[in-house]
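Structural overview
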Amino acid sequence: MISRVPRLESLAALVDLDKTSAVPLYFQVAQQLEAAIAGGMLPPGTQLDSEIELADQLMVSRPTMRKAMEILVDKGLIVRRRGVGTRVVQSQVRRPLELSSLYDDLKSTGQEPTTTVLSNTVKPASATVAEALGLAEGAPVIAIARLRMAHDQPLAKMRNYLSPMRLEVRTDALERQGLYELIRAAGIRLHAATQTVGARNATAAEARLLGESRGAAVLTMERVAYDDSGTPVEYGTHIYAAARYSFRMNLLMG
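Keep in mind that this is a model prediction, so the values were computed, not measured.

1. Some words on the packing of helix α2 (residues 25-38) against helix α4 (residues 62-74)
For the pair α2 and α4, the least separation of the axes is 8 Å and the interaxial angle reads 45°. In terms of orientation, α2 and α4 fall into the oblique class. Crossing of α2 against α4: the hand is right-handed. Along its contact with α2, which presents Leu25, Tyr26, Phe27, Val29, Ala30, Leu33 and Glu34, the element α4 presents Thr64, Met65, Lys67, Ala68, Met69, Ile71 and Leu72. A per-class count over the contact of α2 with α4 returns 11 nonpolar, one polar and two charged.

Below you can see the structure in the form of structure tokens.
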């Protein structure tokens, strides 16, 4: 039998938001719902109300509620199914999200990645970068472009943006280590991320850089990584040679 949280006081009792905190509201909602799931207050099979209803119950905006639910979906704690709604799918196992970089992935499989830093500058944030990092448009950001290779073959072109207020990234360090390794070494704990994976055809310049023919298929990845306070740390847009790289995902049946 599916349990439900239909009343305002039922869900409000699980989430106590501090709207004066620097921690984003969506992150507070996600963390507290995750704790409720882990603690058995939202047991497996619990059907949740719609995002609109949940947003009304917690007195937050619909985009805030949607972002919180996306974090729980990404962690495998809830599933959404058309015609059925949103349900809690597990509560016993608490799996912290471990973020890894392409450098980490290649190292873990015994490959020796090499990196060519194409650029490493401080520049004004575009509207897209500013929104992703929670900064004002035009604020200074570190803009890094790199070519990652494995077995002497170009694998990916990576663009990353970070706030210079959080850390300093030297070019020589980027050539020896992965970016996330440098972020962790600076004492910043990466906790969660939102990521979008896609595909398209390479431009002529991209194809030359990746050693592919013009119009060859490339995989795309856009990611925003957050620290354990919910603050955006890094925004990345990467392209991968589809002939030499693929993404693997673990899927949870609901």
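2. Remarks on the nonpolar core
One finds Val29, Leu33, Leu42, Met65 and Met69 to be the most contacted residues of the largest nonpolar core, which totals 37 residues. Looking at this core, the elements that each hand over two or more residues are α2, α3 (51-58), α4, α6 (127-133), β5 (140-150) and β8 (217-227). With seven residues, the top contributor of residues to this core is α2.

3. Brief notes about the sheet that holds strand β3 (residues 85-88)
Sheet architecture is open: three strands sit in the order β1-β3-β2, paired in antiparallel fashion. Only two strands of the sheet have a single partner each, and these edge strands are β1 (47-48) and β2 (78-81). Looking at chain direction, β1 and β3 are connected through two bridges and run antiparallel. Paired with Gln47 across the strands is Arg87, a residue of β3.

4. Side note on the sheet that holds β5
Here we have six strands laid out as an open sheet, ordered β4-β5-β6-β9-β8-β7, and antiparallel in their pairing. Only two strands of the sheet have a single neighbouring strand rather than two, namely β4 (114-124) and β7 (190-201). On average, adjacent strands in this sheet sit at an angle of 15° to one another, irrespective of strand direction.

5. Quick notes on the pairing of β3
In this sheet, β3 lies alongside β2 in antiparallel orientation, the contact comprising four bridges. Paired with Val79 across the two strands is Arg87, which belongs to β3.

6. Digging into α4
In this model, α4 (13 residues) spans 18 Å end to end at C-alpha, consistent with the 18 Å of a helix rising 1.5 Å per residue. Here α4 has its buried residues at Thr64, Met65, Ala68, Met69, Ile71 and Leu72. Projected onto a plane normal to the axis of α4, the buried residues spread over an arc of 150° and lie on a single side. On the buried face of α4, the contacting elements are α2, β1, α3, β2 and β3. Positioned one or two residues after α4, Gly76 has a phi angle of 75°, which is positive.

Definitions and cut-offs
- Sequence positions are assigned chain by chain, starting from 1 and proceeding in written order.
- For this predicted model, a pLDDT threshold of at least 70 governs which residues receive local features, and a threshold of 80 or more governs which side-chain atom pairs are given and counted, while totals over whole chains, interfaces and linings are taken from all residues.
- By convention in this description, side-chain values take in all heavy atoms of the structure and omit both hydrogens and water.
- For helices, the axis comes from a line fit to the C-alpha atoms of the stretch in contact; other axes are also lines fit to C-alpha atoms, and the angle between any two N-to-C directions lies between 0 and 180 degrees.
- In DSSP terms, a helix is any run of H or I states spanning at least four residues, a strand is any run of E spanning at least two, and both are numbered starting from the N terminus.
- For classification purposes, an angle smaller than 35 degrees is called roughly parallel, one larger than 145 roughly antiparallel, one from 65 to 115 roughly perpendicular, and anything else oblique.
- By definition, turning the near helix anticlockwise from the far helix through less than a right angle yields a left-handed crossing, and turning it clockwise yields a right-handed one.
- Should any heavy atoms of two residues lie within 4.5 Å, those residues are counted as being in contact.
- Basically, the charged four are Asp, Glu, Lys and Arg, the nonpolar ten are Ala, Val, Leu, Ile, Met, Phe, Trp, Tyr, Cys and Pro, and anything else, Gly included, counts as polar.
- In this text, buried Ala, Val, Leu, Ile, Met, Phe, Trp, Tyr and Cys residues form a nonpolar core when linked through side-chain atoms within 4.5 Å.
- Between buried and exposed lies partly exposed: a residue is buried under 20% and exposed over 50% of the maximum accessible area for its type, with that area taken using a 1.4 Å probe on protein chains only.
- Any two strands with at least two DSSP bridges between them are considered paired.
- Any helix carries an expected span of 1.5 Å times its number of residues minus one.
- In this description, the arc belongs to the directions extending from the helix axis to the C-beta atoms.

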